[in-house]
Amino acid sequence: MSPPTGSGPRFDAHAAARILAEVRRRRPLVHNIANQVAMETTCDMLLAVGASPAVVVAPEEAAEFARRADALAANTGTLTADRRAALRLAAAAMRAQGKPWVLDPVGIGGSSHRDAAARELLGMAPTVLRANAGEVSLLAGGHRSALHGVDAALSTQEAARDACALARKAGVVVAMTGAADLVADAASGTWLVAGHALMARATGMGCGATALVAAALAVERDARAAALAALAWLAVAGEVAAARCPGPGSFRVALLDVLHALDDEILLDHAKASP
Amino acid sequence: MSPPTGSGPRFDAHAAARILAEVRRRRPLVHNIANQVAMETTCDMLLAVGASPAVVVAPEEAAEFARRADALAANTGTLTADRRAALRLAAAAMRAQGKPWVLDPVGIGGSSHRDAAARELLGMAPTVLRANAGEVSLLAGGHRSALHGVDAALSTQEAARDACALARKAGVVVAMTGAADLVADAASGTWLVAGHALMARATGMGCGATALVAAALAVERDARAAALAALAWLAVAGEVAAARCPGPGSFRVALLDVLHALDDEILLDHAKASP
Amino acid sequence: MSPPTGSGPRFDAHAAARILAEVRRRRPLVHNIANQVAMETTCDMLLAVGASPAVVVAPEEAAEFARRADALAANTGTLTADRRAALRLAAAAMRAQGKPWVLDPVGIGGSSHRDAAARELLGMAPTVLRANAGEVSLLAGGHRSALHGVDAALSTQEAARDACALARKAGVVVAMTGAADLVADAASGTWLVAGHALMARATGMGCGATALVAAALAVERDARAAALAALAWLAVAGEVAAARCPGPGSFRVALLDVLHALDDEILLDHAKASP
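Summary of the structure given here. Source: prediction; values computed, not measured.

1. Things to note about the interface of chain A and chain B
- Counting residues at the interface gives 27 residues for chain A, matched by 31 residues for chain B.
- With both sides pooled, the region where chain A packs onto chain B buries about 2400 Å², and carbon together with sulfur makes up 52% of that total.
- If you look at where chain A meets chain B, you find four salt bridges.
- Asp-44 of chain A is the salt-bridge partner of Arg-252 of chain B, the closest N and O atoms lying 2.7 Å from each other.
- Connecting chain A to chain B are 13 residue pairs in polar contact (both at pLDDT 80 or more).
- Secondary-structure elements contributing two or more residues to the side of chain A that touches chain B are helix H2 (39–48), strand S2 (52–55), helix H3 (62–68) and helix H10 (248–261) of chain A.
- Per-element accounting of the side of chain A that touches chain B gives the leading share, six residues, to H2 of chain A.
- Considered class by class, the residues forming the side of chain A that touches chain B number 14 nonpolar, four polar and nine charged.

Take a look at the structure:
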């Protein structure tokens, strides 16, 4: 697939607006087995787009709660043994019901414990894998050096081939985020060129992206369209927020305000603008 | 009890101011077995009103720490088996000493595990139950449909009768929060009509309310007066903060600033204003 | 050692600037076994100074991840049995490799469980102990009354002798924070008179200080110089942020913006200014 060119519209603003309106109308219940580091931010982002978030992480109740939820955001961050069991149970519950779930393999490459959990969950047929370029590359068979801690050590352009290979191999839609985002399935990929560098300086942006994709999937059966819409909401909100903020503290605050105020007009404006 | 009318003062500002001054003077130590999702916000709210927060959640130390604390805020959020054991131990320690504690049954209706834990703790004689209308309705014998995830699916007006019934049955003061708040005991209830819709869009407002009630109880033996004071602090701060904020990100920030600056004048002003 | 005098430069701004530039250049991977209460703030502070944070708290992977990290920030907050095991394993891994690690004994004095864990970890030769005056006093053999919950009940001036005694006894550098900070080793101590009272009203400032010291240690072998530099970054950022903020909510936001923008000029300016 070709690299992003910057010409033409940067994303389908009409689809992004339509799916956002559906989330606001239906308020889907999103079950988060969230990274402890970013639980509040994750829930705040879901509330800002109109979804109804809940964090339920104990193996004793993860499957039962998943059966009541409209979508699941499954994050391997702060992965204790209990958390791993809860992820497995909730994912199985979603699959058994034919409901959508998103896997976020935070921290793979950091330990064999984390790698094994992420690969096991990837084998349980998530609807979407939301990951950075390093995580995608590693899951596609690449080397640990693709990651520096939990951050990608290569660009999404460099990992584009890996994303497509992984989508094919694992039978999932891959939503890979970075300076440019790529949403790929077995057949092809679509670039989304938006966002801002400050997003990499605020904890939890990846976790939030994963949760937003889950919210979009709860109202839109086309997984590629849902993933592209959710990443567009976040990228546009990130651009708008960063334009008025001097640093990552104020950026985090403004991002929530902009997500809350996001509408057709803002999305259409930013679909046309050059980055 | 009659629904809120909007005429007359909306709450007892003198009591709210007096109890706030006492918290600032005595800096009560509030033990939080807090929802993982909102631990930082919960502690920030306690610091903003002058209390001294601590989060101690392990069964190995919950009872011992509770014996040193002035009040306990017991929250069933992110309820693992260990968390449940810690809640039970800390609640028993508070009861044995005759110290106040507040139960926040977050997530009931979501799983039988959560329901059982909340009901067990309610049977341990909390001083105050702080809950939303759906949680109150469900605990009073209502149906799961009173909740949408962790959010109430009915108004506090609709659940007013349930609040009074529950106060009578469980022998607790019920502090039910929503667009209008109701504080009820076995005999009667008092409405507090204040606050702002943005409070429902920021994660952890309920958890924070629970913690503030615990701080108030640490300095005021009249549980109804303490609960009304704490809910008034939060509702007034929410109104003032929302008036200057475009969305939930800036609202969360301003709320802490206003709570920190809250004084007699602001409380008296807002007790008179029409909502 | 003499108390802080306020004359002369308040800290070595050139060293603080040099070590900050090194962190930005090398982006050290800092492993956080962080307090659950302040995980996001801790990571945000590390990102703001240019480090690469990761939170890995499970015993199953703590040692393996520690072997990949450049430094460890080990915090006894929200101390479950698993957390304690992870702290022990990660600390041992750092020591075995000769890599730096910082101990933050949050919550000692609150329970015998917490005390035992903190003392065990202190016996494992941390490079730096980052603590408040009450924690230092208690670890040096003082009484529980040195703490009010997790807050110090005495000043760093009052605990200065304890800090030096503890540095000698435990063979560590003690970085004691408060209205004035003191960095002491077995031989002598250096005062840092900077910061702002609002820092005590925002949750997680101590946890963040610990993490920043770990980041500095990752690029600077002189542990005293590293600790002084990290505490100077935070104190200066705290002063600059507080000057423009009405309360603890906006302060927390501005602090991250200022840390992100911190440069030689700001550090040099504030090294000279009178507090």
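Okay, back to it.
2. As for the relation of the copies chain A and chain C
- Superposing chain A onto chain C takes a rotation of 120 degrees plus a shift of 0.0 Å along the axis, which leaves an RMSD of 0.0 Å. Those values place the two copies in the arrangement expected of a three-fold rotation axis. Relative to the rotation axis, the closest C-alpha in chain A is found at Gln-36 of chain A, a distance of 4.2 Å.

3. What about the packing of helix H2 (residues 39–48) of chain C against helix H10 (residues 248–261) of chain C?
Residue and element names in this part refer to chain C.
- The N-to-C vectors of H2 and H10 enclose an angle of 25 degrees; their axes lie 8 Å apart at closest approach. One finds that H2 runs roughly parallel with respect to H10. Note on element contacts: H10 touches H2 through Arg-252, Leu-255, Leu-256, Leu-259 and His-260, opposite Thr-41, Asp-44, Met-45 and Ala-48.
- Of the residues assigned to the contact of H2 with H10, the class counts are five nonpolar, two polar and two charged.

4. Quick word on the interface of chain A and chain C
- Tallying the contact residues gives 31 residues for chain A and 27 residues for chain C.
- Buried area between chain A and chain C, summed over both chains or domains, comes out near 2400 Å², and the portion from carbon and sulfur atoms is 52%.
- When the buried area of chain A at its contact with chain C is split by residue, Val-37, His-148 and Arg-201 of chain A rank highest and sum to 23% of it.
- For the pair chain A and chain C, the interface holds four salt bridges.
- At the junction of chain A with chain C, the criterion picks out 14 residue pairs in polar contact (both at pLDDT 80 or more).
- Among the secondary structure elements, those contributing two or more residues to the side of chain A that touches chain C are helix H5 (112–122) and H10 of chain A.
- Ranked by the residues each element gives to the side of chain A that touches chain C, the list is headed by H10 of chain A, at five residues.
- Class assignment of the residues belonging to the side of chain A that touches chain C gives a composition of eleven nonpolar, 15 polar and five charged.

5. Some words on the pairing of strand S10 (residues 189–192) of chain B
All names here are of chain B.
- Taken together, the four bridges between strand S9 (residues 181–184) and S10 define a ladder with antiparallel strand orientation. Opposite Ala-184, over in S10, you have Gly-189 as the bridge partner.
- Between S9 and S10, which pair antiparallel in sequence order, lie four residues.

6. As for empty space enclosed by the protein
- Counted by the stated rule, this structure contains four cavities of 30 Å³ or more.
- Of the volumes computed, that of the largest cavity is approximately 540 Å³.
- Residue lining of the largest cavity: 40 residues in total, with Glu-40 and Arg-252 of chain A, Glu-40 of chain B together with Glu-40 and Arg-252 of chain C positioned closest to the centre.
- Those elements that provide at least two residues to the lining of the largest cavity are H2 and H10 of chain A, helix H2 (39–48) and helix H10 (248–261) of chain B together with H2 and H10 of chain C.
- Class assignment of the residues belonging to the lining of the largest cavity gives a composition of 22 nonpolar, nine polar and nine charged.

7. A look at the pattern of salt bridges
- All chains considered together, the criterion is met by 42 salt bridges over all chains.
- The residue Arg-252 of chain B makes a salt bridge to Glu-40 of chain A at a minimum N-O spacing of 3.4 Å. With Arg-252 of chain B in helix H10 and Glu-40 of chain A in helix H2, the pair connects residues from two separate chains. By the burial criterion, Arg-252 of chain B is buried, and Glu-40 of chain A matches it.
- Taking the shortest distance from any N to any O, the salt bridge between Arg-26 of chain B and Glu-22 of chain B comes out at 3.4 Å. Within this pair, Arg-26 of chain B and its partner Glu-22 of chain B are both found in helix H1 (residues 13–26), separated by four residues, close to a single helical turn.
- We classify Arg-26 of chain B as partly exposed; its relative accessible area is 43%.
- Taken together, the shared-partner salt bridges connect Glu-22, Arg-25 and Arg-26 of chain A into one network.

8. Section: the environment of Cys-245 of chain B
Residues and elements named next belong to chain B.
- If you trace the backbone, Cys-245 turns up in the loop between helix H9 (223–243) and H10.
- Sequence spacing of Cys-245 and Leu-255 is ten residues, and the spatial spacing of their C-alpha atoms is 9.7 Å.
- Excluding its chain neighbours within four sequence positions, the residues that come into contact with Cys-245 are Leu-198, Ser-250, Phe-251 and Ala-254.

9. Concerning the sheet that holds strand S2 (residues 52–55) of chain B
Residues and elements named next belong to chain B.
- Here we have eight strands laid out as an open sheet, ordered S2-S1-S3-S4-S5-S8-S9-S10, and mixed in their pairing. Looking at the sheet topology across the chains shown, the edges are occupied by S2 and S10. Here the strands of the sheet are splayed against their neighbours by 20 degrees on average, with no regard to which way each runs.
- The sheet contact formed by strand S3 (residues 71–75) and strand S4 (residues 101–104) spans four bridges and is parallel. Within the sheet, the bridge partner assigned to Asn-75 lies in S4 and is Asp-104.
- Its contacts with the sheet place H2 against strand S1 (29–33) and S2, and it is angled at close to 160 degrees to S2.

10. A short note on the sheet that holds strand S10 (residues 189–192) of chain C
Residue and element names in this part refer to chain C.
- Sheet architecture is open: eight strands sit in the order S2-S1-S3-S4-S5-S8-S9-S10, paired in mixed fashion. Every other strand in the sheet has two partners, leaving strand S2 (52–55) and S10 as the edge strands with one partner each. Put simply, the sheet's adjacent strands are angled 20 degrees from each other on average, direction ignored.
- Each of strand S5 (128–132), strand S8 (173–177), strand S9 (181–184) and S10 is contacted by helix H7 (residues 160–170), which is oriented at about 155 degrees to S8, the strand it contacts most.

11. A few points about unusual backbone geometry
- A positive phi angle is found at Thr-78 of chain A, which is not glycine, with a value near 40 degrees.
- A relative accessible area of 1% means that Thr-78 of chain A is categorised as buried.
- Unusually for a residue other than glycine, Arg-27 of chain C sits at a positive phi of about 45 degrees.
- Mapped onto the fold, Arg-27 of chain C is located in the loop between helix H1 (13–26) and strand S1 (29–33).
- Classification of Arg-27 of chain C as partly exposed rests on a relative accessible area of 35%.

12. Focus: the side chain of Glu-64 of chain A
- Relative to the helices and strands, Glu-64 of chain A is located in helix H3.
- For Glu-64 of chain A, the side chain forms a polar contact with the side chain of Arg-68 of chain A, separated by 3.5 Å.
- The residues contacting Glu-64 of chain A, other than those within four sequence positions of it, are Gly-110, Ser-111 and Ser-112 of chain B.

Definitions and cut-offs
Residues numbered from 1 in each chain as written. Chains lettered and ligands numbered in written order. Predicted model: local features only at pLDDT ≥ 70, side-chain atom pairs only at ≥ 80, totals over all residues. Heavy atoms only, no water. Contact = heavy atoms within 4.5 Å. Buried area = accessible area lost by both parts, 1.4 Å probe. Salt bridge = Lys/Arg side-chain N within 4 Å of Asp/Glu carboxyl O. Polar contact = N/O pair within 3.5 Å; in protein donor to acceptor, adjacent residues only side chain to side chain. Helix = DSSP H or I, 4+ residues; strand = E, 2+ residues; numbered from the N terminus. Nonpolar A, V, L, I, M, F, W, Y, C, P; charged D, E, K, R; others polar. Least-squares fit on C-alpha atoms with pLDDT ≥ 70 in both. Axes fitted to C-alpha atoms, helices over the stretch in contact; angles between N-to-C directions. Parallel < 35°, antiparallel > 145°, perpendicular 65-115°, else oblique. Pairing = 2+ DSSP bridges. 1 Å grid on protein atoms, 1.4 Å probe; cavity = no way out; pocket = protein on both sides within 12 Å on 5 of 7 lines; lining within 4 Å. Points joined across faces, edges and corners; volume = space filled by probe spheres on them. Buried < 20%, exposed > 50% of the residue type's maximum accessible area, 1.4 Å probe, protein only.

Nothing here speaks to function; it is geometry throughout.
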